[in-house]
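Now for the letters of each chain:
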Amino acid sequence: MEHISISSERPRLFLLGALISALLYSALFFFNDWITEMLKYDLGVSWIYLPAGLRLFLILIFGLAGAIGIAAASFAISYFGVFPPDLFTCIGIGLISGFAPLFAKWVVVSNTYISNDLSNLSMQKILLCIVVYALMSSAFHQYWFVLRDLESGSLNHFLVMFAGDVAGSILLTALIKYGIDLMRRGVPRRS
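The rules behind these values
Residues numbered from 1 in each chain as written. Predicted model: local features only at pLDDT ≥ 70, side-chain atom pairs only at ≥ 80, totals over all residues. Heavy atoms only, no water. Helix = DSSP H or I, 4+ residues; strand = E, 2+ residues; numbered from the N terminus. Buried < 20%, exposed > 50% of the residue type's maximum accessible area, 1.4 Å probe, protein only. Contact = heavy atoms within 4.5 Å. Salt bridge = Lys/Arg side-chain N within 4 Å of Asp/Glu carboxyl O. Phe/Tyr/Trp six-rings, centres within 6.5 Å; stacked < 30°, edge-to-face > 60°. Expected span 1.5 Å × (residues − 1). Patch = residues over 30% accessible without salt bridge, like charges linked within 9 Å, V, L, I, M, F, W, Y side chains within 5 Å. Areas by Shrake-Rupley, 256 points an atom, 1.4 Å probe, with all protein chains shown as cover. pLDDT = per-residue confidence, 0-100.

1. Looking at the side chain of Thr173
Note that Thr173 resides in helix H6 (residues 155-186). Judged by relative accessible area, Thr173 falls into the buried class, the value being 10%. For Thr173, the contacting residues outside a window of four places in its chain are Phe57, Met123, Ile126 and Ile130.

Structure below.
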């Protein structure tokens, strides 16, 4: 009989969380890129960015594993995609993409109580997370873009990126809530 210890399960669950995060983030990134092509403002900046909301949800669910998965996926998307294939620039983009939402979660959680199972995650707390995350992510990205001398590093780009992250996060949250509501309606209630 095979014995599975808790210590051997944790690394597997951590890696699974990172892998799920990387795959979901990559898939939504390319889907968003396709459906919002006409809403792009500049390189790495869009008026609606659905993956911003997914980043936040993956961090709320998987924590550090989610951050690592997002960072790895964002690095690969940046390095093999539209950004100049500069290793250092793309590592920074990946780290910011993965760890800005983790840092925002830490800021929000340290100032308001959010349970580990997210059972007390109200709409007000979600909106607070969205705004704090969008501010941090946009600021860190734009600062990095300026440091790396990319054209899309400026105050205007910050404002558009912030608006796109907030809009994308709110849209994704609404889609998730609508999906949950549809699923609840489809499940017959017990008398």
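2. Describing unusual backbone geometry
Of note in this structure, Asp149 is not a glycine but carries a positive phi near 60°. Along the chain, the position of Asp149 falls in the loop between helix H5 (123-147) and H6.

3. So, the environment of Ser74
Tracing the chain through its elements places Ser74 in helix H3 (residues 64-80). Its relative accessible area of 4% is what places Ser74 among the buried residues. Residues Ser74 and Lys177, 103 residues apart in the sequence, show an inter-C-alpha distance of 26 Å. For Ser74, the contacting residues outside a window of four places in its chain are Tyr25, Ile93, Gly94 and Ser97.

4. Structural notes on the pattern of salt bridges
According to the stated counting rule, one finds one salt bridge in the structure shown. Here Asp86 makes a salt bridge to Arg148, at a shortest N to O gap of 2.9 Å. Here Arg148 lies in the loop between H5 and H6 and Asp86 lies in the loop between H3 and helix H4 (87-111), a separation of 62 residues in the sequence. Of the residues examined, Asp86 reaches a relative accessible area of 29% and is grouped as partly exposed.

5. Topic: the packing of aromatic side chains
Using the criterion set out here, one finds ten aromatic pairs in the structure. Between Tyr25 and Phe29 the ring centres are 6.4 Å apart and the planes differ by 40°, which places this aromatic pair in the tilted class. Here the residue Tyr25 and the residue Phe29 both occupy positions in helix H1 (residues 6-35), the gap between them amounting to four residues, near one helical turn. Residue classification places Phe29 among the buried positions, given a relative accessible area of 17%. Note on Phe158 and Phe162: the rings are 6.4 Å apart at their centroids and 20° apart in plane angle, and the pair reads as stacked. With Phe158 and Phe162 both in helix H6 and four residues apart, this pair spans about one turn of that helix. A residue is classified by how much of its surface remains accessible, and Phe162, at 22% relative accessible area, is partly exposed. Members of the aromatic cluster, connected to one another through ring pairs, are Tyr25, Phe29, Phe30 and Tyr49.

6. Some details on H3
Think of an α-helix as turning once every 3.6 residues; residues three or four places apart then point the same way. Here H3 contains 17 residues, and its C-alpha end-to-end distance of 24 Å stays within 8% of the 24 Å for a straight helix at 1.5 Å per residue. For H3, the complete set of buried residues consists of Ala65, Gly66, Ala67, Gly69, Ile70, Ala71, Ala73, Ser74, Ile77 and Ser78.

7. Concerning a nonpolar patch on the surface
On the surface, Leu13, Leu16, Ile20 and Leu24 cluster together into a nonpolar patch covering about 340 Å² of accessible area. In this fold, Leu13 is placed in helix H1.

8. Here we look at the confidence of the model for the protein chain
Of the residues in the protein chain, 90% reach a pLDDT of 70 or more, and the chain-wide mean stands at 86. Averaged over each element, pLDDT in the protein chain is lowest for strand E1 (residues 40-42) (77) and highest for H3 (96). Note that pLDDT drops below 50 for residues 1-6; the model gives that stretch two contacts with residues more than four away or on any other chain.

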